[in-house]
Amino acid sequence: MLRAAPRPTVRTVDPGRRSQAVAGWILASPFVVVFVAFTAGPVLASLGMSFTDIRSTDLRTPFAVEFVGLSNYADLVQDPVFRKVTVNTLLYLLLGVPLTMAVAMLVAVGLNSVARLRGFFRVAFYLPVVTSIVAVSVVWKYIYRDEGGLLNTALSWFGIDGPGWLDSTTTALPSLVVMAVWRNFGTLMVIFLAGLQTVPQEHLEAAEVDGAGAWRRFRHITLPTMRPVLLFGAVITGIGYLQFFEEAFVMTKGGPLDSTRSVTFFTYDQFSYGNYGYAAAASYLLFLAIVVLTLVQFRLLRERD
Amino acid sequence: MSETQVRTPRWLYAVLTIGLLLVVLPFAWMLVSSFKPEAEVRAVPPTWWPQTVTAENYDTLFTRLDFPTYFLNSAIVALAVTAGNVVFCSMLGYALAKLEFPGKRVLFVVVLGTLMVPGVVTFVPLFVLTTNLNLTNTLPGMILPFLAGPFGVFLIRQYVLGLPDELIQAARVDGAGELTIFARVIMPLCGPALATLAVLTFLTSWNNFLWPLVVATSEDKYTLPVALALYAVGQNATQYGLLLAGSVVVVLPVLVVFLLLQRYIVQGIAMTGIK
C-alpha cells in the first residue's frame, strides 16, 4: 500500500524514504479520517443533496431520495424570498467591505504614526474581533433601541430625535452593517499595520523632499505598495460578509419584512422547515459566490505583479 | 522615519482615544448595566452608573436558568476542539512541511482548498450524518466536525517550514525514528505556533454559533452563544438586564484569555494572514 513513487528517480534508493512515507501517512491519517468524514465528505454531499428532493422525513434514509436535477436551483431563482436575501447579502458585502477597510486603514495609518502606546491601542481596537457576535449583538440591540437606547440618547444631546434603528426596513440593514464594522475592523487593522511596514521609507522621504503632501504620498506610494494586502483584505472581509447571519438572527430575526435576512439565514430557515435539498442548493450558490470572489483575487494579484 | 516618529501630533492621540472609547464603551455599558435591576436597565433616559447595584441578574442566570450547564458545555466543546486541533494539525502540518510521502501534494491542495469553505455549506449533510451516527444533541456531535481544521494545518506547516532541515538530518543520523523526531525534536520547538493555534481555536470554538444551534436540540446541550441567542429572540427577549448579564458571561472568559495571550493572536495573523 505504501510503495515509493513508481516513476524512476535519478536519486539512489534511500532507505529513509520508505520510513518517511510510512511516518508521513501515520501522522496524516487521524486528520485525514476526521477531515474526510466531517469536512470534505459533507462539501461533496451538500452538492449531491442539492440535486435531490431530500427532506427531514428522509433523515434516516438519505439515499432513498429522488434525483431532481437542477429543479432546486430553478426554484431558488424564482423564489422571491431568495431574491430578496440575495440582494440583502450583496448589500452587506457592498456596504460592509469598503466601510470595514476604510475604518481599518484609518486606524492603521493613525497607529503607524504614533510613537508610544501603539501596542496598547492595537490590542484595544482588536478586542471586538475575539468576542462572540451573539453577545455583542445583544448589547447593540439595546444601543439601537428607540426609547432609551444609547445611540438615540447621545443624538438627543445634539437635538436629534433618532428613530428605532432596527424597526424600519430602511435603517435596519445599515445599522447591522455599522455594528459589523465595529466588530470586524480589528483583523484588517492588524493586517494593514503589518502592510504599512513594507512601504519603503526612502520613497516616502524622497516624495516629501519633492514637496508631496501627506495625502499624495499616501495615494501614490503607500496605497500602490499595499495593493496585494488590500486585495487580500477585501477578499477575506468579503467572504465574511457573504456569510452574514448571527447579527440578524439576534438583533432583528431577519426583519422587519425580511429586510435583514441573508442567504445564510435563508439556508438555516429552509433547513428548519425540513427542506434539506433546497437548503443545500442555496448554500451552494453562496459557496459559488465565495469561490468566484477568491478566484478574482488571484486573478487581480497576478495581473500587475 | 525617526523624524515623523518623534513628532507625533497631540491631536492624533486625541482621535485614537475617541476611537478607543467607541470600541470599549459597549463592553463597559454591558458590564455596568448587568448589575442594574431590571427597571433601571429599561429607564429612559438610560443611567450610566447603577443607582442600585444588584447581582440578581447573575443569580437568575445561574440558579433559575441553566447557565452552569451551558457554560460547562461551551468549555468542554472548546477544550476538546482545541486539543484535537493541536494534536492532529501539528501531526499533519509537520508531515506536509518536512516529510516526503506519496499523495502529499494532493493532500495539501485539498486541505488548503477547504480553508474558505463556510460552515453553511456543510451543516445540512453534517446534520444527516450525525443523526445517523446517533450523535445529534450530544457533545461529541458538536466536537467531531471541528476536531481537525485546515487552518491549523496551514499554520503549523508554515512554522515548521522555517525550522532547519539539519535538525532532522542530525536526529536521523543519530538513529532516531521518524515519529520520535516529530515528537521529541520538532514539537518542543513549536511552542509559539502551538500556542497561537490553541488560543485561536479556543476563541473560535467558544464563539461558534451555527453548528451548535443546529445540532443541540434540547436545552441541556446548549452552548452559551446558543442559549443567549435563543433567550434573546424568545420569551426572555424583554429581560434586558438578564440578557446583558448573559452577554457578560459569554464575553468575559474570552476577554481574559485574549488579554493574557494576545501576543500569540497577533503572531498568528502575522504568520498566516488569516484570523
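Scroll up for the structure.
Criteria and thresholds
- Residues numbered from 1 in each chain as written.
- Chains lettered and ligands numbered in written order.
- Predicted model: local features only at pLDDT ≥ 70, side-chain atom pairs only at ≥ 80, totals over all residues.
- Heavy atoms only, no water.
- Helix = DSSP H or I, 4+ residues; strand = E, 2+ residues; numbered from the N terminus.
- Buried < 20%, exposed > 50% of the residue type's maximum accessible area, 1.4 Å probe, protein only.
- Contact = heavy atoms within 4.5 Å.
- Areas by Shrake-Rupley, 256 points an atom, 1.4 Å probe, with all protein chains shown as cover.
- Lys, Arg positive; Asp, Glu negative; His and termini not counted.
- Charge placed at Lys NZ, Arg CZ, Asp CG, Glu CD.
- Axes fitted to C-alpha atoms, helices over the stretch in contact; angles between N-to-C directions.
- Parallel < 35°, antiparallel > 145°, perpendicular 65-115°, else oblique.
- Left-handed = near helix turned anticlockwise from the far one by under 90°.
- Nonpolar A, V, L, I, M, F, W, Y, C, P; charged D, E, K, R; others polar.
- Phe/Tyr/Trp six-rings, centres within 6.5 Å; stacked < 30°, edge-to-face > 60°.
- Disulfide = S-S within 2.5 Å.

**Topic: the overall build of chain A**
A count of helical and extended segments in chain A gives 13 helices and 0 strands. Taken from N to C terminus, the helices and strands of chain A fall in the order α-α-α-α-α-α-α-α-α-α-α-α-α. Its C-alpha atoms give chain A principal-axis dimensions of about 70 × 60 × 35 Å. Scored against the burial criterion, the 305 residues of chain A give a buried share of 52%. Here the contacts in chain A between residues at least 6 apart in sequence split such that 68% fall between residues at least 24 apart. Total accessible area on chain A stands at roughly 14,700 Å², and carbon and sulfur atoms take up 66% of it. Positive and negative side-chain charges in chain A, numbering 24 and 20 respectively, have mean positions lying 10 Å apart.

**Examining the packing of helix H7 (residues 172–196) of chain A against helix H10 (residues 227–242) of chain A**
Residue and element names in this part refer to chain A. Interaxial distance between H7 and H10 falls to 11 Å at its minimum, and their mutual angle equals 155°. What the angle tells us is that H7 and H10 run roughly antiparallel. Between H7 and H10 the crossing geometry is right-handed. Of the residues in H10, those in contact with Val177, Ala180, Val181, Asn184, Leu188, Ile191, Phe192 and Gly195 of H7 are Val229, Leu230, Phe232, Gly233, Ile236, Thr237 and Tyr241. Taken together, the residues that form the contact of H7 with H10 break down as 11 nonpolar, 4 polar and no charged.

**Things to note about unusual backbone geometry**
Residue A:Pro256 is reached from A:Gly255 by a cis peptide bond, and omega for that bond is -10°. The residue A:Pro256 is located in the loop between helix H11 (246–251) and helix H12 (263–272) in this model. Cis rather than trans, the peptide bond between B:Val44 and B:Pro45 has omega equal to -5°. By the secondary structure assignment, B:Pro45 is in the loop between helix H3 (38–41) and helix H4 (56–64).

**Side note on the packing of aromatic side chains**
Scanning all chains against the criterion turns up 39 aromatic pairs over all chains. For the ring pair A:Trp140 and A:Trp182, a centre distance of 5.2 Å and an interplane angle of 55° mean the geometry is tilted. You can see A:Trp140 sitting in helix H5 (residues 133–143) and its partner A:Trp182 sitting in helix H7, a full 42 residues away along the chain. Neither A:Trp140 nor A:Trp182 differs from the other in exposure class; each is buried. Note on A:Phe245 and A:Phe265: the rings are 5.3 Å apart at their centroids and 90° apart in plane angle, and the pair reads as edge-to-face. Remark: A:Phe265 occurs in helix H12 and A:Phe245 occurs in the loop between H10 and H11; sequence separation between them is 20 residues. Of the two residues, A:Phe245 and A:Phe265, neither departs from the other in class, the shared state being buried. Grouping aromatic residues by their ring pairs yields a cluster made of A:Phe245, A:Phe249, A:Phe265, A:Tyr268 and B:Phe209.

**Side note on the state of the cysteines**
All names here are of chain B. Within the structure shown, the criterion is met by 0 disulfides over all chains. Cys89 takes part in no disulfide bond, and the closest cysteine sulfur, belonging to Cys190, lies 13 Å away. Residue classification places Cys89 among the buried residues on the basis of a relative accessible area of 0%.

**A few points about the packing of H5(A) against H7(A)**
Residues and elements named next belong to chain A. Between H5 and H7, the shortest axis-to-axis distance is 11 Å and the interhelical angle comes to 135°. In terms of orientation, H5 lies oblique with respect to H7. The crossing of H5 and H7 is right-handed. Touching Ile133, Val136, Ser137 and Trp140 of H5 are Met179, Trp182 and Arg183, all from H7.

Without other data, these values stay purely geometric and don't point to any function.
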